[in-house]
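Spelled out from the first residue to the last, the chains are:
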Amino acid sequence: MSVQAEVLRSIEPAVDALATEILRNVEDDANWQPTDLVPDPTTDEGIAGIQTLKSEAAELSDQLVLVTAGNLITEEALPSYQTAFNRHIGLNDLTGVDETPWARWSRAWTAEEKRHGSVMGLWARFSGRINMRAIESTIQHLISNGFDVKTDNDPYEVLVFTSFQEQATLVSHKNVAKQAGQAGDTHLQKICDLVGTDEARHARFYKTAGRLVFRADPDGALVALANMMKKKISMPAQRMYDGSNSNLFTDFSEIAQQIGIYTSEKYVEIMELCNQYWNVEQLVPQSDAGRKAQDFVASLPDRYRKLAARKKPKDVPLSRFTWLATP
Ligand SMILES: [Fe+2]
Ligand SMILES: [Fe+2]
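What you see is a predicted model; the values in this text were computed from it and never measured.

**Let's talk about the overall build of the chain**
Each helix and strand counted, the chain has 13 helices and 0 strands in total. Reading the chain from its N terminus to its C terminus gives the helix and strand order α-α-α-α-α-α-α-α-α-α-α-α-α. Against the globule reference of 20 Å for 327 residues, the chain gives a C-alpha radius of gyration of 20 Å, in line with a compact fold. Projected onto the principal axes, the alpha-carbon positions of the chain cover approximately 65 × 50 × 35 Å. Per-residue burial for the chain yields a buried fraction of 53% across its 327 residues. Residue pairs at least 24 apart in sequence account for 82% of intrachain contacts in the chain once pairs closer than 6 positions are excluded. When the 35 positive and 44 negative side-chain charges of the chain are each reduced to one mean point, those points stand 6 Å apart.

**Side note on empty space enclosed by the protein**
Across all of its chains, the model carries 2 cavities of 30 Å³ or more by this definition. In this structure, the largest cavity spans a volume of roughly 220 Å³. What lines the largest cavity is a set of 17 residues, among which Tyr81, Trp109, Gln165, Glu166 and Pro236 lie closest to the centre. Mapped onto the lining of the largest cavity, the elements with two or more residues apiece are α4 (62–76), α5 (78–85), α6 (101–127) and α8 (155–182).

**Concerning the coordination of the iron ion (ligand 2)**
Binding of the iron ion (ligand 2) to the protein goes through Glu113 (OE), Glu166 (OE), Glu166 (OE) and Glu199 (OE), at separations of 1.9 to 2.7 Å. One way to put it: the 4 donor atoms around the iron ion (ligand 2) meet at angles of 52 to 136°, and that makes the site irregular. For the iron ion (ligand 2), the donor residues sit on a single chain with the sequence spacing E-x52-E-x32-E. We classify Glu199 as buried; its relative accessible area is 1%.

**A look at the layout of surface pockets**
Quantified by volume, the largest pocket comes out at close to 900 Å³. Around the largest pocket, the lining comprises 35 residues; the ones closest to its centre are Met235, Phe249, Ser253, Tyr262 and Tyr267. Among the elements that take part in the lining of the largest pocket, helix α11 (residues 248–258) stands out by supplying 7 residues, more than any other. Its residues assigned to classes, the lining of the largest pocket shows 15 nonpolar, 13 polar and 7 charged. In this structure, the second largest pocket spans a volume of roughly 270 Å³.

**Details of the nonpolar core**
Counting 99 residues, the largest nonpolar core has Phe164, Phe205, Met229 and Trp323 as its most contacted members. In this structure Met229 touches Val160, Phe164, Met271, Phe296, Val297, Leu300 and Tyr304, once residues within four positions along its chain are discounted.

**Considerations on the packing of aromatic side chains**
Given two aromatic rings, one states the distance between the centres and the angle between the planes to describe the pair. All told, the structure shown has 15 aromatic pairs when counted by the stated rule. When the centroid spacing of 5.8 Å and the interplanar angle of 55° are considered together, the rings of Tyr267 and Tyr304 count as tilted. Taken together, the residues Tyr267 in helix α12 (residues 264–277) and Tyr304 in helix α13 (residues 288–310) connect sequence positions 37 residues apart. The pair formed by Tyr267 and Tyr304 is uniform in burial state, with each residue classed as buried. Residues Phe321 and Trp323 carry aromatic rings whose centres are separated by 5.4 Å and whose planes lie at 50° to one another, so their mutual orientation is tilted. Just as Phe321 is buried, Trp323 falls in that class too.

**Points about the coordination of the iron ion (ligand 1)**
Reference geometry at the metal: tetrahedral coordination by four donors gives ideal angles of 109.5 degrees; octahedral coordination by six donors gives 90 or 180 degrees. Donor atoms from the polypeptide that bind the iron ion (ligand 1) are Glu75 (OE), Glu75 (OE), Glu113 (OE), His116 (ND1) and Glu199 (OE), placed at 2.1 to 2.4 Å. Spacing between the donor residues of the iron ion (ligand 1) along their common chain follows E-x37-E-x2-H-x82-E.

**Describing the packing of α5 against α6**
At a minimum axis distance of 11 Å, the contact between α5 and α6 shows a crossing angle of 170°. On the basis of their axis angle, the class for α5 and α6 is roughly antiparallel. Listed contacts from α6 to Leu78, Tyr81, Gln82 and Phe85 of α5 are Trp102, Ser106, Arg107, Trp109, Thr110, Glu113 and Lys114.

**A few points about the pattern of salt bridges**
Scanning all chains against the criterion turns up 16 salt bridges. Where Asp93 meets Arg107, a salt bridge forms, and the shortest distance between an N and an O atom there is 2.8 Å. Here Arg107 lies in helix α6 and Asp93 lies in the loop between α5 and α6, a separation of 14 residues in the sequence. Under the relative-accessibility criterion, Asp93 is labelled buried at 10%. For Arg107, a relative accessible area of 25% translates into the label partly exposed. Note that Asp288 is salt-bridged to Arg291, the shortest N-O span being 2.9 Å. Of the two residues, Asp288 and Arg291 are both situated in helix α13; the distance of 3 residues between them amounts to about one turn of the helix. For Asp288, a relative accessible area of 58% gives the class exposed.

**Some thoughts on the packing of α6 against helix α9 (residues 186–216)**
Relative placement of two packed helices is described by the angle separating their axes and the distance separating the axes. Between α6 and α9, whose axes approach to 10 Å, the crossing angle comes to 160°. On the basis of the axis angle, α6 is roughly antiparallel to α9. Where α6 crosses over α9, the handedness of that crossing is left-handed. When α6 is examined against α9, the residues Trp102, Trp105, Trp109, Glu112, Glu113, Arg115, His116, Val119, Met120 and Trp123 are found in contact with a partner set consisting of His187, Leu188, Ile191, Val195, Asp198, Glu199, Arg201, His202, Phe205, Tyr206 and Ala209. Grouping the amino acids of the contact of α6 with α9 by side-chain chemistry returns 12 nonpolar, 3 polar and 6 charged.

Criteria and cut-off values
- Residues numbered from 1 in each chain as written.
- Chains lettered and ligands numbered in written order.
- Predicted model: local features only at pLDDT ≥ 70, side-chain atom pairs only at ≥ 80, totals over all residues.
- Heavy atoms only, no water.
- Helix = DSSP H or I, 4+ residues; strand = E, 2+ residues; numbered from the N terminus.
- Rg over C-alpha atoms; globule rule 2.2 N^0.38 Å.
- Buried < 20%, exposed > 50% of the residue type's maximum accessible area, 1.4 Å probe, protein only.
- Contact = heavy atoms within 4.5 Å.
- Lys, Arg positive; Asp, Glu negative; His and termini not counted.
- Charge placed at Lys NZ, Arg CZ, Asp CG, Glu CD.
- 1 Å grid on protein atoms, 1.4 Å probe; cavity = no way out; pocket = protein on both sides within 12 Å on 5 of 7 lines; lining within 4 Å.
- Points joined across faces, edges and corners; volume = space filled by probe spheres on them.
- Donors = N, O, S within 2.8 Å, 3.2 Å for Na, K, Ca; no water.
- Tetrahedral: all angles 85-135°; square planar, octahedral: opposite > 155°, others 65-115°.
- Nonpolar A, V, L, I, M, F, W, Y, C, P; charged D, E, K, R; others polar.
- Core = buried A, V, L, I, M, F, W, Y, C linked by side-chain atoms within 4.5 Å.
- Phe/Tyr/Trp six-rings, centres within 6.5 Å; stacked < 30°, edge-to-face > 60°.
- Axes fitted to C-alpha atoms, helices over the stretch in contact; angles between N-to-C directions.
- Parallel < 35°, antiparallel > 145°, perpendicular 65-115°, else oblique.
- Salt bridge = Lys/Arg side-chain N within 4 Å of Asp/Glu carboxyl O.
- Left-handed = near helix turned anticlockwise from the far one by under 90°.

Purely geometric numbers; function is a separate question.
Listed below in structure tokens is the structure:
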């Protein structure tokens, strides 16, 4: 058995307890379903509620609607993310019904994530602001185009990736919730707030599992973190395409940056947060590779902060997007 597989096996009891603590039972009162968050079109009250939802959404800026649409598309490519996670030996679900804590987590995590795209899709449909067919085509393209998590199937690296990624989605959804609330859209605010809270729980799982790995195998974990940072955390929706704009992901990211939903500065903050969470600077690596990796990751936030400060906003005409409903 490789060192990594041994480490992952050795922390299974702690991961099992962590998964049980973080996951919610489907029947738990605090557990929500997409249907709970939008009006019910089978009742008169619900029909009136849809009208309210629509009039609230009318107040949102086109930019905020576009970022919400991009986030919805990102969430809907969930099959690619479960597939990516399951490609990593030591974490994977070999039968589809494995009882290892990693397999149990990956299925329950996917089941929680599934609600995100669903609820955002319901909101988008009722909001009247979104060209749903363009969104659906983009999702179909994105899942077909695939997603390269760039971990070379290394299980430590994927734990670094998921820690970063869940933290990034947490920031993005919570910022949409905040801005939607400021614009008076209570439906989108509540939806993105609850989705963001899910992402926060998921981030806590991956960061804590990561901490167990850093404690059990500091050198291996430092090298994995440094590798991921060199390759850069790939964005899950990088390969999105709507049939016309070959720069779609860059354009979407630029809008998210410009209105402050997800920025380069946030990426640096996530780097710092993970470094602190994993006590990267206090570890005492035993190998040259471990020491080199430690120096590299400790120096990165400052370097990235300088780069982020130099970043100039680009002009992105909204006409490039097919996602907005024509008024
Ligand atoms: Fe999500
Ligand atoms: Fe997530």
